[in-house]
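# Per-entry structural report
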Amino acid sequence: MASVRLQGLRKRFGTHDVIPSLDLEINDHEFMVFVGPSGCGKSTLLRIIAGLEPITEGDLFIGDRRVNDLTPAQRDIAMVFQDYALYPHMTVYQNMAFGLEMRHAAKADIETRVLAAARMLEIEPLLKRRPRDLSGGQRQRVAMGRAVVRDPQVFLFDEPLSNLDAQLRGQVRGEIKALSQRLQTTMVFVTHDQVEAMTMADRIVVLRGGVIQQVGTPEQIYSTPANRFVAGFIGSPSMNFLPVTLEAGGARLEDGTLLPVLTTRRGPAVLGIRPEHFEPAGEGGLAAQILLVEPLGADTLVHFNVGAVRCIARVAPDTRPQMGETLRLGVAPGKAFLFDPESGVRLG
Amino acid sequence: MNKRILHILVVAQLVVVALGILFPIVWMVMSSLKSSADVTAYPPSFLFKPTLENYTHLLETTPFFAYARNSLIESGASTILGLALGIPAAYAASVTRSSWPALVTLSARMAPGTLFLVPWYVVFKALGLVGTYAALILTQAAITLPIVIWVLLPAFDAIPRSILEAALVDGCGVLRSLWRVALPLVSSGLVIATILGFVFSWNYFLFALVLSDEGTKPLVVAAFNYIGEGSTDWGGLMAAATLIALPPLVLAIAVQRWLVAGLTLGAVKG
Amino acid sequence: MSLSASSRQRGAIALLSLPAVFFTALMVVFPVGYTIWLSFRSAPLGHATQFAGLANYAQLFHSGSFWNSIEVSLALYLLSLALQLIAGTYLALLLFHARRMPAILRSILISPFMVPPVVVGMMFLVILDPSLGAANWILSLFGLPPSAWLASPQWVIPTIALIDTWQWTPFVALIVLGGLQSLPPSVYEAAKIDGAPAHLVFWRITLPLLLPTLMTAAILRSVDLLRFFDIIYVTTQGGPLDASDTLNVLGFHIGFELFQFGYASALAVTLTAMVFGVVLSLNRLRKAVAW
């Protein structure tokens, strides 16, 4: 078990900097999730930690060791691949034992550890089977078993849930979380799915274009996003963004409506409102002419336009809004975000 | 009914074509089993009393087994050499995604044998190696090595990269990931490479024609001598031909399904 | 993306190809260089070689037998290639429509190109014998006059082309079949919905989509056909007279029967240049017809 530290890390493919310069500290025992859109460099970063991609510049530490020049095997990490990368010609047992065998562990020791890991992951009945005879979910467990059995310093997960169907994904998500609490090993988990990030992480790293946008707990990322990108990426449906002018009474929309927002700033800004932070308003507020109603059961999504901007509000199902109807919506107190219109940075 | 008739037509044409392909081989085997009177009968006889006298005569009057031994040694050793050189080269080329081995391989395949033969002859003559197994094995490996690379490169390429990475994370060095992970995954390719290498080395004529002597002569070169003597002895000639063709045919037919898949894979990938 | 954990790892991987590189340098690159060098020298056996400039090439290009060989080689090449591509495509279509390929049929198909060319020569010497061979007997069944086959100066090239076509058509067919099987079935369904009749589907859809595969087959066969040697050496030795004297047979004769190494080298270099020229242009064509 160890921390992972990246200092001034730079990665270049050809002439293109995929990671210009990055500093990050992942604490011991921590469950860290890298999240971001495709091409943001999250997988590259994970592969750099694994030792599958060479570092262009900067330093990488696992524990106190600088591991830049160590092979993946020497770094004492284990990795669960997106396609699981099980050895097709080996049984489940052999798959799990292989890494230990390569490290010259004693036969008896290997057997104890494989059986223990298999018991923990409930794959004991599968030990004699080959990967092609397993379902997707079972393969996923074997891939985790292969990592667990090694008892490494750091676990690396490269989008391990993306090949599972929705129901199974939810289940395995919970199991990985439980596993991490039980093993207390440092885990780094890459995903493009913000639900996975929010539900599993101790801390989240939001990446874009190889640059860290924000590092924080799920709560921090959700409630105090560093900038417009993070605010829009985390949360589903996405945050609504409206161009406003800030004045003494609050934020004035382009159609003249004044929304009460507490701020001392003046001038143009971007107002961010999460769908769940709209609330029915008696008088004043936005006049939202409903374009589309999506009842989800527990709540209902209402689509409407504010000027040229399409917005979504999450309302209680008993509101029973109808298409074409006009709702008056306000913003829950203290839940509005303001962003700099140029830089996108959140205004305090 | 339209579809049925069409299918019958297709099958009928296939049967005719297959018989046409088979005819020369069947004719060879039939002639080898005919007595000297039957084999030169005109019109040719289809009903005849089969005899093994051509084979016994061939094996008694010529050192057929010695030639067969030469063929076996030269083809076997050149195949092993081709595999020993080609497996690691194909793996390295696949892992590093470099294309030069394929390029060199193809070029070596494209050049006519006479392009290499003069220098080989000069050098081996100077070294006193003309007529030795060493010279024949080395030159025949120039046939087997390209075949091994040609068959194995696409096979290695088909292994998902993540599996090789997993082996790396599990602690395999380069040699061990080749030996323990990659090679078992291309086992059918390996069989095809071995068999094709052996067959084409067994069949290759030109190098041995120049570089072998009486003691190291392989069957295909010895067969050429039978032709001179055999102008009157068709039965004996066909008996020799049958025996020489037998090992490649048996080997190839034993793995026919994989062989066809392997050939097509290499070719379709270009 | 390459596997490149560290420079040491990369070094180890590079080391793997070293034996093959060394072998290729020794057995292929060096001889080719030596042959090119020799082609500019006169090298009578038993004497030291001397620089001869372009003399070998000049001799070659003024030699009647060289131009005869060019003619023979090209005629044999074009005839064989056309026969094999047409017959191979026909056979591949049959196999494709039969859908199933029983093991016995697959075995029959691979047999011809597994037989040593020397044996192929031997079997056809017997079958094509002008007086007692089976081929003339079969012709007589159809009321056709007998042919001298390999012994006839006019027919020797078509005959050898037929022999090679027998040996390699199944190979071409298997490659074309692979190409057919890799064509997207939805294209045929779309053509069916568009109402195209079967023959138009073949000419307008199948054949154009198949062209890259056909070019691959053509390249593979060109390499072998342009340096045709074994079967001719076994059956006719270039005869009757010089009617089947291909470049490779002529080169072997000059080099290893007359032992004029410099001259033979010039011929080998020229032949190699021809093969590369043809292959490179075919490859270009293949890229042009790729879809």
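The structure presented is a predicted model; accordingly, all values stated were derived computationally and were not measured. (Residues numbered from 1 in each chain as written. Chains lettered and ligands numbered in written order. Predicted model: local features only at pLDDT ≥ 70, side-chain atom pairs only at ≥ 80, totals over all residues. Heavy atoms only, no water.)

## Overview of the sheet that holds strand β15 (residues 278-280) of chain A
Residues and elements named next belong to chain A. Strands sit in the order β15-β19-β16-β17-β18 across an open sheet of 5 strands; the sheet is antiparallel. One side of each edge strand has no neighbouring strand; the edge strands of this open sheet are β15 and β18 (309-315). Ignoring strand direction, the axes of neighbouring strands in this sheet form an average angle of 50°. Of the strand pairs in this sheet, strand β16 (residues 286-295) and strand β17 (residues 300-306) are connected by 5 bridges, and their pairing is antiparallel. Note that in β17 the partner of I290 across the bridge is F304. (Pairing = 2+ DSSP bridges. Helix = DSSP H or I, 4+ residues; strand = E, 2+ residues; numbered from the N terminus. Axes fitted to C-alpha atoms, helices over the stretch in contact; angles between N-to-C directions.)

## Comments concerning the packing of helix α7 (residues 133-157) of chain B against helix α10 (residues 187-203) of chain B
In a pair of packed helices, the angle between the axes and the distance between the axes together describe the arrangement. Residue and element names in this part refer to chain B. For the pair α7 and α10, the least separation of the axes is 9 Å and the interaxial angle reads 155°. Accordingly, the angle class assigned to the pair α7 and α10 is roughly antiparallel. Considering how the two elements wind past one another, α7 and α10 form a crossing that is right-handed. Contacts between α7 and α10 involve Q140, I143, T144, I147, V148, V151 and L152 on the former and, on the latter, G189, L190, I192, A193, L196, G197, F200 and S201. (Parallel < 35°, antiparallel > 145°, perpendicular 65-115°, else oblique. Left-handed = near helix turned anticlockwise from the far one by under 90°. Contact = heavy atoms within 4.5 Å.)

## So, the packing of aromatic side chains
Centre distance and the angle of the planes are the two values used to describe a pair of aromatic rings. The full count for this structure, using the stated rule, is 40 aromatic pairs over all chains. A centroid spacing of 5.5 Å and a plane angle of 25° characterise the contact between B:F116 and B:W120, whose relative ring orientation is stacked. Of the two residues, B:F116 and B:W120 both sit in helix α6 (residues 114-126), 4 residues apart, roughly one turn of that helix. Across this residue pair, the class does not change: B:F116 and B:W120 are buried. Aromatic ring contacts, followed pair by pair, group B:Y121, B:F205, B:F224, C:F229, C:Y233, C:F252, C:F256, C:F259 and C:F261 into a single cluster. Over the face of the ring belonging to A:Y87 we find A:R146, whose NZ or CZ atom lies 5.0 Å from the ring centre. For A:R228, the ring lying beneath its charged end belongs to A:F241, and the centroid distance is 4.5 Å. (Phe/Tyr/Trp six-rings, centres within 6.5 Å; stacked < 30°, edge-to-face > 60°. Buried < 20%, exposed > 50% of the residue type's maximum accessible area, 1.4 Å probe, protein only. Lys NZ or Arg CZ within 6 Å of the ring centre and 35° of its normal.)

## Here's the deal with the pattern of salt bridges
Tallying each qualifying case throughout the model produces 23 salt bridges over all chains. Taking the shortest distance from any N to any O, the salt bridge between A:E57 and A:R10 comes out at 2.9 Å. Residue A:E57 is found in strand β4 (residues 57-62), and its partner A:R10 is found in strand β1 (residues 4-13); the two are separated by 47 residues along the sequence. In this structure, A:K177 engages A:D202 in a salt bridge whose closest nitrogen and oxygen atoms are separated by 3.6 Å. You can see A:K177 sitting in helix α5 (residues 166-183) and its partner A:D202 sitting in the loop between α6 (194-200) and β9 (203-208), a full 25 residues away along the chain. Owing to a relative accessible area of 17%, A:K177 belongs among the buried residues under this scheme. When salt bridges that share partners are traced, they join A:K11, A:R47, A:E53 and B:E165 into one network. (Salt bridge = Lys/Arg side-chain N within 4 Å of Asp/Glu carboxyl O.)

## With respect to the interface of chain B and chain C
Contact residues are listed per partner, giving 92 residues for chain B and 90 residues for chain C. Interface area, chain B with chain C, both sides summed: about 8,200 Å², of which 82% is carbon and sulfur. For the pair chain B and chain C, the interface holds 8 residue pairs in polar contact (both at pLDDT 80 or more). By residue number, the principal contributor to the side of chain B that touches chain C is helix α1 (residues 2-32) of chain B, which donates 14 residues. (Buried area = accessible area lost by both parts, 1.4 Å probe. Polar contact = N/O pair within 3.5 Å; in protein donor to acceptor, adjacent residues only side chain to side chain.)

## Here we look at the domain arrangement of chain C
Residue and element names in this part refer to chain C. With domains assigned, chain C is organised as domain 1 (7-51) and domain 2 (64-288). A C-alpha centroid distance of 31 Å is found between domain 1 and domain 2. At the interface, 7 residues of domain 1 touch 7 residues of domain 2. Counting the contacts that link domain 1 with domain 2 gives 0 salt bridges. Viewed at the interface, domain 2 and domain 1 are joined by 0 residue pairs in polar contact (both at pLDDT 80 or more). A per-element tally of the side of domain 1 that touches domain 2 places helix α1 (residues 7-38) first, with 3 residues. Residue composition of the side of domain 1 that touches domain 2, by class: 4 nonpolar, 2 polar and 1 charged. (Domains from an automatic or database assignment. Nonpolar A, V, L, I, M, F, W, Y, C, P; charged D, E, K, R; others polar.)

## Some points on the sheet that holds β9(A)
Residue and element names in this part refer to chain A. Taken in spatial order, the 6 strands line up as β6-β7-β8-β3-β9-β10 in an open sheet, and their pairing is mixed. The sheet terminates laterally at β6 (77-80) and β10 (211-216), the two strands that pair on one side only. Neighbour-to-neighbour, the strand axes of the sheet open up by a mean angle of 15°, direction not taken into account. As paired strands, strand β3 (residues 31-35) and strand β8 (residues 186-191) are joined by 5 bridges and run parallel to one another. Of the residues in β8, the one forming a bridge with M32 is V188.

## Some words on the packing of α1(B) against helix α5 (residues 117-127) of chain C
In the contact formed by α1(B) and α5(C), the axes pass within 10 Å of each other and the chain directions differ by 80°. Here α1(B) is positioned roughly perpendicular relative to α5(C), judged by the angle of their axes. Contacts between α1(B) and α5(C) involve B:F23, B:P24, B:I25, B:W27 and B:M28 from the first element and C:V119, C:M123, C:F124 and C:I127 from the second. Residue composition of the contact of α1(B) with α5(C), by class: 9 nonpolar, no polar and no charged.

## Focus: the nonpolar core
In terms of nonpolar packing, the biggest core is built from 227 residues, with A:F34, B:F156 and B:F205 touching the most fellow members. A total of 15 residues in this core trace back to one element, the largest contributor, which is helix α7 (residues 156-182) of chain C. Ignoring anything within four residues of it in the chain, the contact list for B:F205 reads B:V220, B:V221, B:F224, C:V118, C:F229, C:D230, C:Y233 and C:V234. In this structure, A:L86, A:L100, A:M144 and A:F189 belong to the second largest nonpolar core, which totals 45 residues. (Core = buried A, V, L, I, M, F, W, Y, C linked by side-chain atoms within 4.5 Å.)

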